[in-house]
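Chain residues, written in single-letter form:
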Amino acid sequence: MVGNVLVGVRTPQWAALCLGLLAISAQTASAADCPGHPGALGTSRTLVVDPRQHPRIGTMQYAETLPLRDHEVVLTFDDGPLPRNSNQVLDILASQCVKATFFIIGRMAQSAPEGVRKLRDAGHSIGTHTQNHPTGMKRMSIERARQEIDDGIASVKTALGDDAALAPFFRIPGLSRADGVEDYLASQGIQIWSADFPADDWHHISSSRVYDIAIKRLEAKGRGILLLHDIQARTVAALPRILRELKARGYRIVHVVPATPEQPATPTEPQQWQLHPPSENVAISHWPKIPNFVFANAEMLPGPALSDLDWRDGRSMSLVEASNHASRPARRVPLPREAPWPRQSSLAPGSAANVLPVPAQSIFEIQERPHAATQELATPSHHAEQPVPTERETEGLAKLISVGASDSPGTIAVPIEAR
Ligand SMILES: [Zn+2]
């Protein structure tokens, strides 16, 4: 077709015009279609955001969220990469030509750097999620919190070997927000991503339950940021059905990328970022208790030793103690001296008023045994519907286990709406 068109064109001007039209047509086609996958969900548009203008987003905690239109969804995945499951998530997203945002744990990036590069090569956005996924940044000294943030960024940058591929996006583990943490991130020009609704996929629930929760909460809000975990096998199992249902219900996927000098932010109006009316069906209080997990097989983890990190936060000790027994010498990632994006130290003020109060413990309605809420980083191998990974698959990885997890039916954490 291209050749035939050009044969009939005599003047350079017309040739240039036709080529231009062809280029536009090709761009439109690539956005709307998914080669080899007719009927795929696709990615409807790319939203370019300036973290300096909107440093905190997600209605689970903040007054602002992404300026999405009705029936637009942003997919986010936390805690990877864990290649066995994360690679499947990548394949599923690729089969639907869907772009997402991943929040990477630094130590996971150290264990599976190729997994981080796969995200980049697939065109997804990559943010960070601290170095060690500490269990309560709101109780941590700001020095420790800053180190967690900086080390996580350094580890992901090292895995990528390309600073430009890392977006200034950050999600606080367990959404354990704190003023000092938020102020520091804002001073670095880093955007904090809470979420608009989770799918509870860190709990011991079935994949069909993850699907049900994801769709129900999305329908309640009509748009928003969905929080998922690519390390969870139940999420891998639920994701194809979630994407099919999004397509069937007329939802559209939006890919979010940070603004750069070459790619300015998508023009928006301030009110588009404002809190949408919360729904009673999307309970902020459903966020779990602070997860408490340890890295198993710590000798396989090339992470920092306790002496290097000088941890003082008691909550982090279960994790750090495991790494401290590492038989290998610790390979500490040097702290970045300079953020990969412009520092904007004047950004912190003005957004504190946008913080919503953290729900009181008393209104948490998920009834769980003491350790049932420790699944955010749980390996899926002990879950009934998940095959046990082979030794080869787990070799060299940070194998994560929950503390005291059990598969007995009595420990299944069921949100109030399911009971
Ligand atoms: Zn997490």
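The structure this text deals with has already been given above.
Please read all numbers here as calculations on a predicted model, not as lab measurements.

Some details on the packing of helix H5 (residues 113–121) against helix H6 (residues 142–160)
Next up, step 1: The interhelical angle for the contact between H5 and H6, taken along N-to-C directions, is 75 degrees, at an axis separation of 8 Å. The angle between H5 and H6 falls in the class roughly perpendicular. Touching Pro113, Val116, Arg117 and Arg120 of H5 are Val156, Ala159 and Leu160, all from H6.
Next up, step 2: Class assignment of the residues belonging to the contact of H5 with H6 gives a composition of five nonpolar, no polar and two charged.

Describing the state of the cysteines
Next up, step 1: Scanning the model with the defined rule gives one disulfide in all.
Next up, step 2: Sulfur-sulfur distance for the disulfide between Cys34 and Cys97 comes to 2.0 Å. Note on the Cys34 and Cys97 pair: the S-S dihedral is about 80 degrees, so by sign convention the disulfide is right-handed. A residue pair is termed long-range when its members are at least 10 positions apart, and Cys34 in the loop between helix H2 (12–32) and strand E1 (45–49) and Cys97 in the loop between helix H3 (83–95) and strand E4 (101–104) qualify at 63 residues.
Next up, step 3: Judged by its relative accessible area of 7%, Cys34 falls in the buried class.
Next up, step 4: Using a relative accessible area of 25% as the deciding quantity, one classes Cys97 as partly exposed.

Description of the pattern of salt bridges
Next up, step 1: Under the criterion given, the structure shown has 13 salt bridges.
Next up, step 2: Residues Asp200 and Arg217 are paired through a salt bridge, measuring 3.1 Å at the closest nitrogen-oxygen approach. With Asp200 in the loop between strand E8 (197–198) and helix H8 (207–221) and Arg217 in helix H8, this pair connects stretches of sequence that are 17 residues apart. Of the two residues examined, Asp200 and Arg217, each falls in the buried class.
Next up, step 3: Here Arg249 makes a salt bridge to Glu245, at a shortest N to O gap of 2.7 Å.
Next up, step 4: In this structure Arg249 comes out as partly exposed when scored by relative accessible area, which is 35%.
Next up, step 5: One network of salt bridges, with partners in common, ties together Arg56, Arg177, Asp179, Glu182 and Asp183.

Some words on the environment of Gly180
Next up, step 1: On the secondary structure map, Gly180 appears in helix H7 (residues 179–187).
Next up, step 2: The exposure class assigned to Gly180 is partly exposed, which follows from its relative accessible area of 32%.
Next up, step 3: Sequence spacing of Gly180 and Met140 is 40 residues, and the spatial spacing of their C-alpha atoms is 9.7 Å.

Calculation rules
- Residues numbered from 1 in each chain as written.
- Predicted model: local features only at pLDDT ≥ 70, side-chain atom pairs only at ≥ 80, totals over all residues.
- Heavy atoms only, no water.
- Axes fitted to C-alpha atoms, helices over the stretch in contact; angles between N-to-C directions.
- Helix = DSSP H or I, 4+ residues; strand = E, 2+ residues; numbered from the N terminus.
- Parallel < 35°, antiparallel > 145°, perpendicular 65-115°, else oblique.
- Contact = heavy atoms within 4.5 Å.
- Nonpolar A, V, L, I, M, F, W, Y, C, P; charged D, E, K, R; others polar.
- Disulfide = S-S within 2.5 Å.
- Buried < 20%, exposed > 50% of the residue type's maximum accessible area, 1.4 Å probe, protein only.
- Salt bridge = Lys/Arg side-chain N within 4 Å of Asp/Glu carboxyl O.

On their own, these measurements won't tell you what the molecule is for.
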